[in-house]
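Structural characterization, general
The chain contents come next:
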Amino acid sequence: MTDESGRSAVLRWSALGVAVLVAAWLAAEVWRDAGAFAFLLLGLPVVVCLVVVLTSRTRYARAVAWAGAAVVLGWSLVLGLGVGLFFLPVAFVLAAAAARDDPAPRDPAGSRPLRR
């Protein structure tokens, strides 16, 4: 694991951790206001961050991280001035993780054209 991918992995895990902490912190209040809908309100950013972490070793990691950041940012804006603002740091951390990713992972064996 290179230094850059290590930092990106830390950012992904940090986003997941912050999303879980925010969801746990707001769970009781949102449950009183929204009932079972609280699972969707608070669970969507957590699930998105989990998907980003689980796909971090695939070739689509950067695209998934950008999509996750966009979804969490959109969800924060949809929820407006309520609980959505608490998920804004999660969106920014996911965007930072996507920006830190190497756009084209290099072949560890070295890419050389075949000679004929």
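The structure presented is a predicted model; accordingly, all values stated were derived computationally and were not measured. (Residues numbered from 1 in each chain as written. Predicted model: local features only at pLDDT ≥ 70, side-chain atom pairs only at ≥ 80, totals over all residues. Heavy atoms only, no water.)

Secondary structure assignment for the protein yields four helices and zero strands. Counting helices and strands in the order they occur from the N terminus, the protein gives α-α-α-α. Within the protein, the proportion of its 116 residues that are buried is 31%. Across the protein, every contact between residues at least 6 apart in sequence was considered, and the portion connecting residues at least 24 apart equals 71%. Of the roughly 7600 Å² of accessible surface on the protein, a fraction of 68% belongs to carbon and sulfur atoms. (Helix = DSSP H or I, 4+ residues; strand = E, 2+ residues; numbered from the N terminus. Buried < 20%, exposed > 50% of the residue type's maximum accessible area, 1.4 Å probe, protein only. Contact = heavy atoms within 4.5 Å. Areas by Shrake-Rupley, 256 points an atom, 1.4 Å probe, with all protein chains shown as cover.)

Moving on to the UniProt feature "transmembrane region" (unreviewed entry) in the protein. In this numbering, the UniProt entry assigns the feature "transmembrane region" (unreviewed entry) to residues 9–28, 34–54 and 66–99. The span residues 9–28 is 100% helix and 0% strand, and its two end C-alpha atoms sit 30 Å from each other. Span residues 66–99 is 74% helix and 0% strand, its end C-alpha atoms 8 Å apart. (UniProt positions renumbered as here; feature names shortened; annotations may be inferred.)

As a further point, take the environment of Val-83. In this fold, Val-83 is placed in the loop between α3 (61–78) and α4 (88–100). Classification of Val-83 as buried rests on a relative accessible area of 17%. For the pair Val-83 and Leu-41, spaced 42 residues apart in the sequence, the C-alpha separation amounts to 8.4 Å. If we ignore the near neighbours within four places in the chain, the residues touching Val-83 are Leu-26 and Val-30.

Our focus in this paragraph is the packing of aromatic side chains. The geometry of an aromatic ring pair is captured by two quantities: the separation of the ring centres and the angle between the planes. Per the stated rule, a full pass over the model turns up two aromatic pairs. Look at Trp-25 and Phe-86: their rings are 5.1 Å apart centre to centre, the planes differ by 90°, and that puts the pair in the edge-to-face class. Highlighted residues: Trp-25 in helix α1 (residues 3–34) and Phe-86 in the loop between α3 and α4, separated in sequence by 61 residues. With relative accessibility at 59%, the residue Trp-25 sits in the exposed group. Considering the side-chain rings of Trp-31 and Phe-39, the 5.6 Å spacing of their centres and the 75° angle between planes classify their relative orientation as edge-to-face. The exposure class of Phe-39 is exposed, given its relative accessible area of 63%. (Phe/Tyr/Trp six-rings, centres within 6.5 Å; stacked < 30°, edge-to-face > 60°.)

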